[in-house]
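Structural features, examined
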Amino acid sequence: MKPPIILINYKAYENSYGEKGVEISKKIEKVSKDYGVPIIISVPATMIYKLSQILEIPVYAQHVDALRHGAHTGAILPEMIKDAGAKGSLLNHSERKIRLDEIHEAVTRIRDLGLESVVCADSYELVHPLALLRPNAILIEPPELIGSGRAVSKEKPEVITRAVNEIKKVEGVYLIAGAGITTGEDVYKAIELGADGIGVASAVMKSSTPEKIVEDFVINALKAIDKKK
Ligand code: G3P
């Protein structure tokens, strides 16, 4: 059975960068190693190099610009995140939306560079069309539940089950569910509903004991996967 996918999006929380960013990342890596579950961290662009140097868990960017080398002030290109040590990137997050043609270009370039992409979808209707672009995974997140503490798996389970049906139309693309995931039970439920894993931010980044939250997520994810066997 394939391991659950746990993706932690650092966003721009206070502890997402600097020494605090290093500290939380080491704690997350320890949980990953203790349980043998890969945990993806999606970090601010300024932290990709630093964290990639000291960690073995996959470090992702939170966004890339689908631009070619040239006169693009402030741009973050797929080539740049690869050079900094990233293993992949999130794309089209609800807080950083891009056009469909930009998603297509970014996914293709990321793949050509040997990196991975996780494309966010804010509704289940977009899961199939976005999966046809062949990212590694789609992250389904109803925007109204992001940062709410009300988990998609409990508040809108039908979004996950419908997204799971949509992803089945395309082979080889994983489906992750996120928004409001707070407890181990939320994680269990998401996987029970058919998701391959979860995406999370605030419950981890705003916790005083993030390692305990992540550990609870991992334990419950493994339990849910085990039950499916
Ligand atoms: O990318 C994951 C994120 O948008 C979910 O945020 O705070 O609801 O866990 P949150």
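Bear in mind the structure is a predicted one, so any value in this text is a computation, not a measurement. (Residues numbered from 1 in each chain as written. Predicted model: local features only at pLDDT ≥ 70, side-chain atom pairs only at ≥ 80, totals over all residues. Heavy atoms only, no water.)

Regarding the UniProt feature "active site" (unreviewed entry) in the protein
Counted only if it meets this: UniProt positions are given in the numbering used here, feature names are shortened, and annotations may be inferred rather than shown by experiment. In this analysis a 1.4 Å probe is tested at points of a 1 Å grid over the protein atoms alone, and where it fits but cannot get out there is a cavity; an open set with protein on both sides within 12 Å along at least five of seven lines is a pocket; lining residues have an atom within 4 Å of a point. Each helix is a run of DSSP H or I of at least 4 residues and each strand a run of E of at least 2, with the numbering of both proceeding from the N terminus. The classification of residues rests on relative accessible area computed with a 1.4 Å probe and restricted to protein chains. Under 20% of the type maximum is buried, over 50% is exposed, and intermediate values are partly exposed. Between two residues, a contact is recorded if the distance between any of their heavy atoms is within 4.5 Å. The term polar contact refers here to a pair of N or O atoms within 3.5 Å; inside protein, the definition further demands a hydrogen-donor-capable atom paired with an acceptor-capable atom, and it admits residues adjacent in sequence only when both atoms are side-chain atoms.
Those places that UniProt annotates as "active site" (unreviewed entry) correspond, in this numbering, to His 93 and Glu 141. Over a stretch of 49 residues, the named residues converge on one spot in the fold, their C-alpha atoms separated by at most 8.7 Å. Checked against the lining of the largest cavity, the annotated residues just named reduce to His 93 and Glu 141. When you line up the elements, His 93 lands in the loop between β4 (88-91) and α4 (100-112). Classification of His 93 as buried rests on a relative accessible area of 4%. Other than its neighbours up to four places away in sequence, His 93 contacts Asn 9, Lys 11, Cys 120, Glu 141 and Ile 146. Relative to the helices and strands, Glu 141 resides in the loop between β6 (137-140) and α6 (152-155). Excluding residues within four positions of it along the chain, Glu 141 makes contact with His 93, Ser 94, Ala 121, Asp 122, Ile 146, Gly 178, Ala 179 and Gly 199. There is a polar contact of 3.2 Å between the side chain of Glu 141 and the side chain of His 93.

Observations regarding the nonpolar core
Put simply, the test is: In these notes, a set of buried Ala, Val, Leu, Ile, Met, Phe, Trp, Tyr and Cys residues joined through side-chain atoms within 4.5 Å is what counts as a nonpolar core.
Within the largest apolar cluster, 69 residues are counted, with the highest numbers of intra-cluster contacts made by Ile 8, Ile 28, Ile 41, Ile 138, Leu 175 and Val 204. Of the residues forming this core, the biggest block, six residues, is contributed by helix α10 (residues 210-228). With near-sequence residues (within four places) excluded, Ile 138 lies in contact with Val 119, Ala 121, Val 127, Leu 130, Ala 131, Ile 167, Val 173, Tyr 174, Leu 175 and Ile 176.

Focus on the pattern of salt bridges
A side chain with one charge can pair with a side chain of the opposite charge if their charged atoms come near. Note the cut-off: Salt bridges are identified by distance alone: a Lys or Arg side-chain nitrogen within 4 Å of an Asp or Glu carboxyl oxygen.
One pass over the structure, following the stated rule, counts 18 salt bridges. Across the pair Arg 68 and Glu 105 runs a salt bridge whose closest N-O atoms are separated by 3.0 Å. Remark: Glu 105 occurs in helix α4 and Arg 68 occurs in the loop between β3 (59-61) and α3 (78-84); sequence separation between them is 37 residues. The exposure class assigned to Arg 68 is exposed, which follows from its relative accessible area of 51%. For Glu 105, a relative accessible area of 26% puts it in the partly exposed group. Note that Arg 150 and Glu 155 form a salt bridge whose closest N and O atoms lie 3.2 Å from each other.

Quick notes on the packing of helix α1 (residues 18-35) against α10
In plain terms, the rule: Structural elements are reduced to axes, namely lines fitted to C-alpha atoms, with helices fitted over the stretch in contact, and the angle between N-to-C directions of any two is expressed from 0 to 180 degrees. Any angle from 65 to 115 degrees is called roughly perpendicular, while one under 35 is roughly parallel, one over 145 is roughly antiparallel, and all others are oblique. In this scheme the crossing of two helices becomes right-handed for a clockwise turn of the near helix relative to the far one and left-handed for an anticlockwise turn of less than a right angle. Gly is placed with the polar residues, together with every amino acid not listed as nonpolar (Ala, Val, Leu, Ile, Met, Phe, Trp, Tyr, Cys and Pro) or charged (Asp, Glu, Lys and Arg).
Between α1 and α10, whose axes approach to 9 Å, the crossing angle comes to 30°. When the axis of α1 is compared with that of α10, the two are roughly parallel. As α1 packs across α10, the resulting crossing turns out to be right-handed. In this structure, α1 contributes Ile 24, Lys 27, Ile 28, Val 31 and Tyr 35 to the contact, and α10 contributes Pro 210, Glu 211, Val 214, Glu 215, Val 218, Ile 219 and Leu 222. For the contact of α1 with α10, the class distribution of residues is nine nonpolar, no polar and three charged.

Thoughts on the layout of surface pockets
Applicable threshold: Grid points are joined across faces, edges and corners, and a volume is the space filled by probe spheres set on the points.
Its boundaries defined by the atoms lining it, the largest pocket holds a volume of some 290 Å³. Taken together, 15 residues line the largest pocket, and the ones lying closest to its centre are Ile 5, Pro 38, Ile 40, Glu 116 and Tyr 174. Looking at the lining of the largest pocket, the elements with two or more residues in it are β1 (5-9), β5 (116-121) and β7 (174-178). For the lining of the largest pocket, the class distribution of residues is twelve nonpolar, one polar and two charged.

Focus on unusual backbone geometry
Despite not being glycine, Lys 11 has its phi angle at roughly 50°, a positive value. Considering the arrangement of structural elements, one finds Lys 11 in the loop between β1 and α1. For Lys 11, a relative accessible area of 15% corresponds to the buried category. Not every positive phi belongs to a glycine, and Asn 92 is a case in point at roughly 60°. Within the secondary structure layout, Asn 92 lies in the loop between β4 and α4. Residue class for Asn 92 comes out buried when judged on its relative accessible area of 8%.

Observations concerning the UniProt feature "binding site: substrate" (unreviewed entry) in the protein
Those residues carrying the UniProt feature "binding site: substrate" (unreviewed entry) are Asn 9, Tyr 10, Lys 11, Ile 146, Gly 180, Ala 201 and Ser 202 in this numbering. Across 194 residues in sequence, these annotated residues keep their C-alpha atoms within 14.3 Å of one another, forming a single compact spot. Among the annotated residues just listed, those lining the largest cavity are Asn 9, Lys 11, Ile 146, Gly 180, Ala 201 and Ser 202. Here Asn 9 is to be found in strand β1. One polar contact links the side chain of Asn 9 to the main-chain amide nitrogen of Lys 11, over a distance of 3.1 Å. Residue position: Ala 201 is located in the loop between β8 (197-200) and α9 (202-205). Relative accessible area serves as the criterion here: at 10%, Ala 201 is assigned to the buried category. Excluding residues within four positions of it along the chain, Ala 201 makes contact with Asn 9, Lys 11 and Tyr 13.

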